[in-house]
Structures are given as C-alpha cells and as structure tokens.
Amino acid sequence: MVFSQSLFRIALMGCVMAASLSAGAAPIVVGQVAPLSGLDAAQARAYSTGMQLALNRANKAGGVSGHTLSLVRKDDHGQPDETVALTKQLLSEDRPLVLAGYFGDRSMDELQKSGLLEKEKIALVGYRIDGVRGDAPLVYSVRATLRDEINKIVEHLATVGITRLGLFYQNGPAAPPLVASVEEMMKSKGVKLTVKGAYEPGTAKVTNAVVDAFVKTAPQAIILVANGSAAAAFIEKYRMDGGAAQLFAHSGADIAQISKRLGEEYMKGLAITQVTPNPYKISGRLIKEFGDVVAATPKLEVPVSYAMMEGYIAGSVIVEAVRRMGSKVSREGFVAALESIDTDLGGYKVSFKPGVRSGSRFVELTIVTESGRIRQ
C-alpha cells in the first residue's frame, strides 16, 4: 500500500513537471556582466535595477507567453578580462536566453573578440560605451549612439555661433575613431576643434597638463566624453584654474557622481545630453509606467536616474521580444523576434531590423542647476 502510494506521488509529480514544461513555465534568464563595483558602479547598478523593474512588471502581470523572467548578474569590476571570463561562466551555469546591460568600450571589445556571442548564438541587448562604433552582429543598442549625442551638441553650438571647441575624452583604442568622428562632424557644421585632451581608461585621473592646455587655448565650449568621476575631476580643475568655456557632457557622465564632487558654483550651467526621457517628469505613457513600478517597489538598490530609465527600456525591449517569440523559446527565435521590433513604448520609439541594431535616435539637451538637478 505504501509502495503504491509512493508510485502515485512520483507519477503525479511527473505529470505536474510535464505540464509545467509543456506550458513553458521554466524561467527565462537574462544575464548581465557589468561593473557593479568601482567607478561605474552607480550607473551599472541603476541600469540593472531598471531591467529588473521591467522584468518584475511582466512577471506580476502573469509572465510572458507562459514564461517568467529572471535577471542573473555578475560583477566584472570594470575589468575586460573578467567580463569575458564571467560571461563564459554565466553562459555555462545559467544558460541565459539573452545578455544585457554591459558597460565599457574595452569590455565590449574583448567580449566581441572572444567570439562568444556568435558561438552561443546569443544576443546582447543594451550596453553603455564612451566610444564611436558601428553595428556589430548580435549586439543591439536601445539608445542613440554617441555620434548622435555629439552631433546634437555640435549642431546646437554652431546654431548659436560658437565655433571654437575642445574635446575631453577617454584614451585607448576607441579614442582615434572618436576624435576622427568629432572632427568630421565639426567640419560639416563649420566648427573647429582647437584643443583636445584625454584621461587614462579605468581611472578618473585628470593631469594638470591636460587642464592647462584647455585653459591656455580658451575654446568657447568643451565637450566631455567621460565617465562622471573623470568629468567632475576635469570640471573642478578647469574652473579652479580660471577656465570659462561652456561645458557639455555626454549621457555617460552620471549627474549623481558629478554633484557629489562639485560645489554649486561649478555645477551651474553644465549641459548634459540625455538619451531617454526624463525619469523625474511624467511626459508620456512610458514614464508613467516606470513611475508606477518604482512607487510599487519598496526598496530600490539605488536612486532613480536616467541610467535606471535606460535599463527599464532595455528590459521592456527584452520582454517585447519574448512576447513575439510565443511559447517556443530559443536564442535564434529571440534574435528574429528582436529584429521585428518597431514599436513606441509610450513616448520612446525603438526599432530594429536585420543589419540595423541601433534602436533609437532620441537625444535631448538638459541643463544642470546649482543644486545638481536636471532642468530641461
């Protein structure tokens, strides 16, 4: 009798498991390897939190096509060799359907050189870099390109008659194409690059020699393609040495990092490009939805920010691709579904197709107030 009851239980468990698998109830894993500690930790954690919020929203609504979604993340400390090693580990142990939320030019370069994406036939959706790069197979951006951001700045400055510009940027392999691209854009707008200076990758160290060159050359405006810490260090030294140019930072310069270091007198008038709608101001369905999810989440890992908004967009795009796949899940199917996306998330359009993997052209200029807040 006991034996027969045990067989019954085993048979029942088998039926439940079979029914669960046939319904596609197994969770879909989204994998992230990013600098969750170090210089870019605030932005990486915010991006991660944004993705998690989007996945949570989908799960609370009953999942997507019978699937639930989970985020598995690993900390590469901003070291490219760790990015590749941890991605291999994640692929082996967690078998993600898609990768997302990667950070850094060097990390992205090493990941692509490794051939892992092609070997595993896995897409990477959403990343942040400080360089100019073309589309690469299986790598999808949910934001405007750095070229789009710089073009917005240069176009604005040319319109108001500012024609002598400086460029502060991160050194490394991504630097030459960045400088060449900036010079090309400036030339097309009748603007000249009069001075340039760089800081070493993976640091926030700004030398006196670099700052002196900008002060002596006296450009009318300076474009900062730098992380928040390096941008803050440059601004502080430049203003202390009497530099008076208008300052324009790209979206990778985290305002929270900058405001922690700089006093009110240095913050005023700083302009920053943004590649998502303002997460602090309801201006459409996407922001309303994001705000509602944030309000329903009792303990956020980090404060609300533009990086969190971008992560939420990346997560929403992943959810949409999963929805388009239906109940049958595969990495190849995910890529096909991703490349069929041409949608408005509610005030933010994302569109991909074969050969076009930059999904947005949204860029706006924002001004930072003395208190470190964003003013449109």
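Chains are numbered independently. Their residues run from 1 in the order of the written sequence. For a predicted model such as this one, the threshold for reporting local features is a pLDDT of at least 70, and the threshold for listing and counting side-chain atom pairs is 80 or more; totals across whole chains, interfaces and linings nevertheless cover every residue. Heavy atoms throughout the structure, all of them, feed into the side-chain values; hydrogens and water do not.

Focus on the pattern of salt bridges
Pairs can form between side chains of opposite charge once their charged atoms are near each other. As a reminder of what qualifies: Any Lys or Arg side-chain nitrogen located within 4 Å of an Asp or Glu carboxyl oxygen qualifies as a salt bridge. Strands are runs of DSSP state E lasting at least 2 residues, helices are runs of H or I lasting at least 4, and numbering of each runs from the N terminus. Each residue is assigned to one of three classes by its accessible area relative to the maximum for its type, calculated with a 1.4 Å probe on protein chains only: buried under 20%, partly exposed between the two thresholds, exposed over 50%.
Using the criterion set out here, one finds 14 salt bridges in the structure. Glutamate 110 is the partner of lysine 113 in a salt bridge, and the nearest nitrogen-oxygen pair spans 3.7 Å. Of this pair, lysine 113 and glutamate 110 both sit in helix H4 (residues 105-114), 3 residues apart, which is roughly one turn of the helix. A residue is classified by how much of its surface remains accessible, and lysine 113, at 65% relative accessible area, is exposed. For glutamate 110, a relative accessible area of 33% translates into the label partly exposed. Between glutamate 320 and arginine 324 there is a salt bridge, and its shortest N-O distance comes to 2.7 Å.

Quick notes on the nonpolar core
Within soluble globular proteins, side chains that are nonpolar generally end up buried alongside one another. Operational definition: To form a nonpolar core, buried Ala, Val, Leu, Ile, Met, Phe, Trp, Tyr and Cys residues must be joined to one another through side-chain atoms within 4.5 Å. In what follows, residue pairs with any heavy atoms lying within 4.5 Å of each other are defined as contacts.
Formed by 68 residues in total, the largest nonpolar core has its most connected members in Val125, Val317, Ile318, Val322, Phe334 and Leu338. When sequence neighbours within four positions are dropped, the list of residues in contact with leucine 338 reads Ala123, Val125, Tyr140, Val317, Ala321 and Phe352. Val206, Ala249, Ala253 and Tyr266 belong to the second-largest nonpolar core, a separate cluster that totals 29 residues.

Observations regarding helix H8 (residues 208-217)
Residues separated by three or four positions in an α-helix point in the same direction, a consequence of the helix having 3.6 residues per turn. Quick reminder of the rule: Comment: arc refers to directions from the helix axis out to C-beta atoms.
Residues of H8 that are buried: Val210, Val211 and Phe214. Around the axis of H8, the buried residues are gathered within 95° of arc, so they sit on the same side. Turned more than 90 degrees from where H8 packs its buried face, Ala209 and Lys216 sit exposed. In the core, the buried residues of H8 are packed alongside strand E6 (164-170), strand E7 (192-199), strand E8 (221-225) and helix H9 (228-240). Directly beyond the C-terminal end of H8, a positive phi value near 55° is found at alanine 218.

Some words on the packing of aromatic side chains
To keep things clear, this is the line we draw: Centre distance within 6.5 Å is the pairing criterion for rings of Phe, Tyr and Trp, where only the six-membered ring of Trp is used; planes under 30 degrees apart are then read as stacked, over 60 as edge-to-face, and the remainder as tilted.
One pass over the structure, following the stated rule, counts 9 aromatic pairs. Ring geometry for tyrosine 140 against phenylalanine 352: centres 5.4 Å apart, planes inclined by 80°, an arrangement best described as edge-to-face. Placement of the pair is tyrosine 140 in strand E5 (residues 139-140) and phenylalanine 352 in the loop between strand E12 (349-351) and strand E13 (364-368), with a sequence separation of 212 residues. Across this residue pair, the class does not change: tyrosine 140 and phenylalanine 352 are buried. With centroids separated by 5.4 Å and ring planes inclined at 70°, the aromatic side chains of phenylalanine 290 and tyrosine 312 adopt a geometry described as edge-to-face. Here tyrosine 312 lies in helix H13 (residues 306-325) and phenylalanine 290 lies in helix H12 (residues 285-295), a separation of 22 residues in the sequence.

Brief notes about H13
What counts, and what does not: What a helix is expected to span follows from its residue count: subtract one and scale by 1.5 Å.
For H13, spanning 20 residues, the distance from its first C-alpha to its last is 29 Å, which sits close to the expected 28 Å at 1.5 Å a residue. Within H13, 18 of the 20 residues are buried, which leaves the element mostly enclosed by the surrounding structure. A positive backbone phi angle near 85° is found at glycine 326, which sits one or two residues after H13.

A closer look at the UniProt feature "domain: Leucine-binding protein" (unreviewed entry) in the protein chain
Put simply, the test is: UniProt positions are given in the numbering used here, feature names are shortened, and annotations may be inferred rather than shown by experiment.
Per the UniProt record, the feature "domain: Leucine-binding protein" (unreviewed entry) sits at residues 27-350. In residues 27-350, helix accounts for 46% and strand for 19%; the two terminal C-alpha atoms are 25 Å from one another.

What to know about the confidence of the model for the protein chain
As a note on interpretation, predicted positions should not be read in detail where pLDDT is low. Applicable threshold: For every residue, the predictor states its confidence as a pLDDT score lying anywhere from 0 to 100.
When the pLDDT values of the protein chain are averaged, the result is 89; 91% of them are 70 or greater. Here residues 1-24 is modelled with pLDDT under 50, and outside its nearest four sequence neighbours on either side it reaches 5 contacts, counting other chains as well.

What to know about the pairing of strand E9 (residues 246-249)
As a reminder of what qualifies: The rule for pairing is simple: two strands pair if DSSP sees at least two bridges between them. A crossover gets the label right-handed when its path from the first strand over the helix to the second runs clockwise, viewed with the strands pointing away from the viewer.
Bridge count between E8 and E9: 4 bridges; the pairing is parallel. Considered in E9, the bridge of isoleucine 223 is made with phenylalanine 248. Following the chain from E8 across H9 to the adjacent parallel E9, one finds a crossover that is right-handed. The sheet contact formed by E9 and strand E10 (residues 271-274) spans 2 bridges and is parallel. The residue of E10 that forms the bridge with phenylalanine 248 is alanine 271.

Thoughts on the sheet that holds strand E1 (residues 28-34)
Spatially, E2-E1-E3-E4-E5 is the arrangement adopted by the 5 strands of the open sheet, whose pairing is parallel. Both outer strands of the open sheet, strand E2 (69-75) and E5, are each paired with one neighbouring strand and no more. Both strand E4 (residues 124-128) and E5 contribute to a ladder of 2 bridges, which runs parallel. Paired with valine 125 across the two strands is tyrosine 140, which belongs to E5.

Concerning the packing of H12 against H13
Test applied: Angles here are taken between N-to-C directions and fall from 0 to 180 degrees, while the axes themselves are lines fitted to C-alpha atoms, restricted in helices to the stretch in contact. By definition in this entry, angles of less than 35 degrees are roughly parallel, angles greater than 145 are roughly antiparallel, angles of 65 to 115 are roughly perpendicular, and the rest are oblique. In this count, Pro and Cys sit with the nonpolar residues alongside Ala, Val, Leu, Ile, Met, Phe, Trp and Tyr, while Asp, Glu, Lys and Arg are called charged and the others, Gly among them, polar.
The contact between H12 and H13 brings their axes to 11 Å, and the two run at 100°. Classified by the interaxial angle, the pair formed by H12 and H13 is roughly perpendicular. Side by side, H12 and H13 meet where Leu286, Ile287, Glu289, Phe290 and Val293 of the first sit next to Met308, Met309, Tyr312, Ile313 and Ser316 of the second. For the contact of H12 with H13, the per-class residue count stands at 8 nonpolar, 1 polar and 1 charged.

Details of the pairing of E2
The pairing of E1 with E2 spans 7 bridges and is parallel. When the bridges of E2 are listed, valine 29 appears paired with serine 70. Regarding the hand of the β-α-β motif, the stretch spanning E1, helix H2 (residues 41-60) and E2 is right-handed.

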